[in-house]
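Survey of secondary and tertiary structure
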Amino acid sequence: MGKRIFIFDTTLRDGEQSPGCSMNHQEKIEVARQLERLKVDVIEAGFAIASPGDFQSVKAIAETVKDCTVASLSRALTKDIDRSWEALRNAVSPRIHTFIATSDIHMKYKLRMSPEEVLEQTKTMVAYAKKYCSDVEFSAEDATRSQPEFLYKVFDTAIKAGATVINVPDTVGYTTPDEFYALIKGIRENVPDIDKVTISVHCHNDLGMAVANTLAAARAGATQLECTINGIGERAGNAALEEIVMALKTREALFDLDCRVDTTQIYRSSKLISNITGVSVQPNKAIVGANAFAHESGIHQHGVLAEKSTYEIMTPESIGLTQNHMVLGKHSGRHAFEDRLKTLGYQLTKEELNKAFEQFKVLADKKKVVQDADIEALLAQKAVQIPETYRLDRFVINTGNTITATASVRLVKQNGEEMVIEEVSTGDGPVDAAFKAIDKIVGVNFVLEDYKLRSVTEGQDAQGEAYVKIRRDTRMYTGTGVSTDVFESSVLAYINAINKLIYQEKLEQAV
Ligand code: KIV
Ligand code: ZN
C-alpha cells in the first residue's frame, strides 16, 4: 500500500461560490452526506462569515458529519475566525482554515499591506485560531505567483504559530506541472519543520492544468489534495476530485499513493452536484461524462468485446456505474426493486423505500421498461428533502399552433392547513402559460433565468427531466421534475424551485 493521501473537498465552499452553482441549506447538507459516503477526508463546508445562511449551513454540516473533518474558511481576521469557530465547535473533527495573500501583486493592490505586515498577520491569526482549535490550516493565497523566499518565511511563521496544514494554492491557475513540482520540492527543502505538518495543494483550472498540477505536487510530496466534484469552482473551476482520485487508483504503481475514497460513490456524487446546481457535465468530461465509457467506433467496440482492457483503463463499475442487464417493469416486485437500489448504491430507510416503490409502480405503468437512469432520476428528486409549501394537484393545458396557449393549474398550499388554489393564464406557449398560472397562485416576485428539458433515457416512452432556475434579487434557486409527460415535469420543476425559495427565505428570516 502506498503513502496515504488526504482528499480535501471544497465543493461546498470554492465550488459553491462560483457563478450558477449556489445551493440552499438542505442541498448543502445532502451534498455533505454524500461526501461522507464518498469518504473524503475533509469537507470544507463553507465560509461561515459570508452570510447568515452560510453560517447556518457550516454549523448544520459540522453537527451532521461524523466521519470527516469539517472545515470553515476564514480570512486572517479575528471576526472571521470567531465566526468559523462558532459554526464548527460541535464538529467531531473541526478545522479552522485561514488564509492571506502572499504575492506582491495581491499584497500591494488587494491587501495594501507590506510583506512584514502579512508575516505579522499570519503569526497572530494562526495563533488566534489555534486557541480555539488544534487543527488549523493556513493558506498562502496566490502562492504560485509569490516570491518563493517570502513564501518559505510565511509558512515557517504559520508552522511556528501552530498551523497543522500549510496549503499552497494556485489561486489563478497559473502554474505548470514541472514548475509546481519544483515549488513543492523547494518548500520541503527550505521550510524548517515542514515534515511535522501536512503539505496541501489547491489548484484552479484556468489553463486546464489543475489536475496535472495537483498530481505533480503529490509526486513532490504534497499529501493533502484540494478539489471539487465535477471540478466546479471559480472561473474555470478547481481540480476535479474524480479525476485526481481515479488517476491515483488507475496509475497506482506509478504514484504509489493511497486515499480512502470509495470510488463507487463517484458517479452518484457527480450526479447529485449536477442535479442540484443544474450545471451539467460535458459529455466528454473525464470519468463522469456520458461518453467516458462509451465506445463508438467499430474497431474500439470490437476490441472491448474481445477484451475490455483493450480500450478501457478502468471499469465503469469502479466509479459506481452499473452495467444493468436486468429489466424492471410493472410486474417486478418489491424485492427486485430493492435489490436494484442496493446495486445502484442507495441505502434507503423503510419509509423512503415505500415511497420510491410506489413511484416506481406508477412509472412502470406508463413505461414498459424501467432503466437504472429512470430510477436514479426518480430518487434524485427526493435526494434533497425540503418542505413542500406548494404541491401540484392537477393541471389542464390547451394549446396548438393556431390558438393562444391556456393553462389552468391547481396547487395545494400547505401552511398549517391545506388550501386548494386554482388559477388560469394564457402564455407564449404551454409551459409559459402554466408557469404564469403558478405565478398568480404563488404571488412572489422572481425571474425565470433558465429552463431546460432532457430525456432521461432513449425511446418514445422516455421520461423527461425538466430543470428550472429562478432568481430573486441575487439569489438563484434551482428546481427539477421528472415525468413521462414533459409538461408535468416542467410544472413540477417550477414548483420545486419555488418551494426551495420559500424554504430558504423562511430559514434566513429565522436567523
Ligand atoms: O484559490 C484560493 O486561493 C483559495 C484559498 C482561499 C484557499 O480558494
Ligand atoms: Zn480556490
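Treat the numbers as computed from the prediction; the structure is a model and nothing was measured. (Residues numbered from 1 in each chain as written. Chains lettered and ligands numbered in written order. Predicted model: local features only at pLDDT ≥ 70, side-chain atom pairs only at ≥ 80, totals over all residues. Heavy atoms only, no water.)

1. Topic: the overall build of the protein chain
Note the following rule: Secondary structure follows DSSP: runs of H or I at least 4 residues long count as helices, runs of E at least 2 residues long count as strands, and numbering of each begins at the N terminus. What the globule rule says is 2.2 Å times the number of residues to the power 0.38, and the radius of gyration is computed from C-alpha atoms. Buried means the residue's accessible area, taken with a 1.4 Å probe over protein chains only, is under 20% of the maximum for its type, while exposed means over 50%, and partly exposed covers the values in between. Here a residue-residue contact requires only that any non-hydrogen atoms of the pair lie within 4.5 Å.
When you go through the protein chain residue by residue, the secondary structure sums to 18 helices and 16 strands. In terms of C-alpha radius of gyration, the protein chain reaches 25 Å, essentially the compact-globule figure of 24 Å for 511 residues. Taken over the C-alpha atoms alone, the protein chain extends approximately 75 × 60 × 45 Å along its principal axes. Here the protein chain, with 511 residues, has 53% of them falling under the buried criterion. In the protein chain, the proportion of contacts linking residues at least 24 apart, taken out of those at least 6 apart, comes to 66%.

2. Observations concerning the site of ligand 1
This is how the line gets drawn: If even one non-hydrogen atom of a residue comes within 4 Å of a molecule or strand, that residue is called near it. Polar contacts here mean pairs of N or O atoms no more than 3.5 Å apart (in protein, one a potential hydrogen donor and the other a potential acceptor; neighbouring residues in sequence count only if both atoms are side-chain atoms). Residue burial considers only the protein chains on display, and all accessible areas are found by Shrake-Rupley using a 1.4 Å probe.
Close to ligand 1 lie Arg13, Asp14, His97, Phe99, Ser139, Glu141, Asn167, Pro169, Thr171, His202 and His204, which account for all nearby residues. At 3.1 Å from an oxygen atom of ligand 1 is found a side-chain nitrogen or oxygen belonging to Asp14. His202 is positioned such that a nitrogen or oxygen atom in its side chain is 3.1 Å from an oxygen atom of ligand 1. When ligand 1 sits alone it has 260 Å² of accessible area, and the protein chains cover 95% of it. Listed by contribution, the elements that provide at least two residues to the shell around ligand 1 are helix 1 (11-15), strand 5 (94-101), strand 6 (136-141) and strand 7 (165-170).

3. Remarks on the coordination of the zinc ion (ligand 2)
Rules: Only nitrogen, oxygen and sulfur atoms qualify as donors, and only when within 2.8 Å of the metal (3.2 Å in the case of Na, K and Ca); with water excluded, sites may look incomplete.
Taken together, Asp14 (OD), His202 (NE2) and His204 (NE2) make up the protein donors of the zinc ion (ligand 2), found 2.0 to 2.1 Å from the metal. Judged by relative accessible area, His204 falls into the buried class, the value being 5%.

4. A few points about the pairing of strand 12 (residues 405-415)
As a general feature of sheets, a regular strand has side chains that alternate between the two faces. Quick note on the threshold: Strands were regarded as paired on the criterion that DSSP finds at least two bridges between them.
Examined bridge by bridge, strand 11 (residues 390-398) and strand 12 share 8 bridges and lie antiparallel to one another. Within the sheet, the bridge partner assigned to Arg391 lies in strand 12 and is Val412. Between strand 11 and strand 12, which follow one another and run antiparallel, lie 6 residues. Pairing geometry for strand 12 and strand 13 (residues 417-427), over 11 bridges, is antiparallel. Each residue of the ladder has a partner; that of Asn415, found in strand 13, is Glu417.

5. Examining unusual backbone geometry
Unusually for a residue other than glycine, Asp193 sits at a positive phi of about 60 degrees. Unusually for a residue other than glycine, Asp473 sits at a positive phi of about 55 degrees. Mapped onto the fold, Asp473 is located in the loop between strand 15 (464-472) and strand 16 (475-483). Classification of Asp473 by relative accessible area gives exposed; the value is 64%.

6. So, the packing of helix 2 (residues 25-38) against helix 12 (residues 266-277)
Two measures define how a pair of helices packs: the angle their axes make with one another and the distance between the axes. To keep it simple, the criterion reads: Fitting a line to C-alpha atoms yields each axis, with helices limited to the stretch in contact; the angle taken between N-to-C directions then spans 0 to 180 degrees. For this classification, under 35 degrees means roughly parallel, over 145 means roughly antiparallel, 65 to 115 means roughly perpendicular, and everything else is oblique. Charged residues are taken to be Asp, Glu, Lys and Arg, nonpolar residues to be Ala, Val, Leu, Ile, Met, Phe, Trp, Tyr, Cys and Pro, and polar residues to be all remaining types, Gly included.
Axis separation between helix 2 and helix 12 bottoms out at 10 Å; the angle between their running directions is 170 degrees. Here helix 2 is positioned roughly antiparallel relative to helix 12, judged by the angle of their axes. Across the interface between the two elements, Glu27, Glu30, Val31, Gln34, Arg37 and Leu38 of helix 2 pack against Ile266, Arg268, Ser269, Leu272, Ile273 and Ile276 of helix 12. Taken together, the residues of the contact of helix 2 with helix 12 break down into 6 nonpolar, 2 polar and 4 charged.

7. Some remarks on helix 18 (residues 486-510)
Here is the rule: One less than the number of residues in a helix, times 1.5 Å, gives the span that helix is expected to have.
Its 25 residues place the ends of helix 18 36 Å apart at the C-alpha level, agreeing with the 36 Å of an ideal helix rising 1.5 Å per residue. For helix 18, the N-terminal capping position is held by Asp485, with its side-chain oxygen 2.7 Å away from the main-chain nitrogen of Phe487.

8. Topic: empty space enclosed by the protein
Threshold: Cavity: a set of points on a 1 Å grid over the protein atoms alone where a 1.4 Å probe fits but cannot get out. Pocket: an open set with protein on both sides within 12 Å along at least five of seven lines, its lining residues, like those of a cavity, having an atom within 4 Å of a point. Grid points are joined across faces, edges and corners, and a volume is the space filled by probe spheres set on the points. Where each domain starts and ends comes from a domain assignment, either automatic or drawn from a database.
Enumeration according to the criterion identifies 2 cavities of 30 Å³ or more in this entry. Space inside the largest cavity adds up to approximately 110 Å³. Contributing elements (two or more residues each) for the lining of the largest cavity: helix 12, helix 16 (372-383) and helix 18. Considering only residue class, the lining of the largest cavity consists of 3 nonpolar, 4 polar and 2 charged. For the lining of the largest cavity, the domains that each give at least three residues are domain 1 (3-277) and domain 4 (390-510). Lining the second largest cavity are Gly20, Ser22, Met23, Asn24, Glu27, Lys469, Met476, Tyr477, Thr478 and Lys500. The greatest single-element share of the lining of the second largest cavity, amounting to 3 residues, is contributed by strand 16. Of the residues assigned to the lining of the second largest cavity, the class counts are 3 nonpolar, 4 polar and 3 charged. Each of domain 1 (3-277) and domain 4 (390-510) gives at least three residues to the lining of the second largest cavity.

9. Thoughts on the sheet that holds strand 8 (residues 198-203)
The sheet built from 8 strands closes into a barrel, its strands ordered 2-3-4-5-6-7-8-9 with parallel pairing. Taking the axes of each pair of neighbouring strands and ignoring which way they run, one obtains an average angle of 25 degrees across the sheet. Where helix 6 (residues 115-132) meets the sheet, it contacts strand 5 and strand 6, and its direction lies at approximately 170 degrees from that of strand 5. In the packing of helix 10 (residues 241-250) onto the sheet, the strands contacted are strand 2 (6-9) and strand 9 (224-227), and the crossing angle to strand 9 comes to about 145 degrees.

10. A few points about the environment of Ala87
With respect to the secondary-structure elements, Ala87 resides in helix 4 (residues 78-88). Residue Ala87 is classed as buried on the basis of its relative accessible area, which comes to 1%. As for Ala87 and Gln56, which are separated by 31 residues in sequence, their C-alpha atoms are 7.3 Å apart. If near-sequence neighbours (up to four positions away) are discounted, Ala87 is found in contact with Ala48, Phe55, Val58, Lys59 and Ala62.

11. Details of the state of the cysteines
The cut-off we apply is this: Cysteine sulfur atoms are paired as a disulfide whenever they come within 2.5 Å of each other.
Tallied over the full model, the rule gives 0 disulfides. As a non-bridged cysteine, Cys21 has Cys227 as the owner of its nearest cysteine sulfur, 15 Å distant. Since its relative accessible area comes to 3%, Cys21 is described here as buried. Just so you know, Cys259 is unpaired, no disulfide at all, and the nearest cysteine sulfur is the one on Cys227, 9.0 Å from it.

12. Some remarks on the environment of Leu411
Summarising the element assignment, Leu411 is placed in strand 12. The exposure class of Leu411 is buried, given its relative accessible area of 0%. Expressed as a C-alpha distance, the spacing of Leu411 and Ile421, which sit 10 residues apart in the sequence, is 5.4 Å. The residues contacting Leu411, other than those within four sequence positions of it, are Tyr390, Arg391, Leu392, Asp393, Met419, Val420, Ile421, Ile438, Ile441 and Ile495.

13. Concerning helix 3 (residues 52-64)
The end-to-end C-alpha distance of helix 3, which contains 13 residues, comes to 18 Å, matching closely the 18 Å that a straight helix rising 1.5 Å per residue would cover. Gly53, Asp54, Phe55, Ser57, Val58, Ala60, Ile61 and Ala62 are the residues of helix 3 that are buried. Those residues of helix 3 that are buried are in contact with helix 1, helix 2, strand 3 (42-46), strand 4 (69-75), helix 4 and helix 18.

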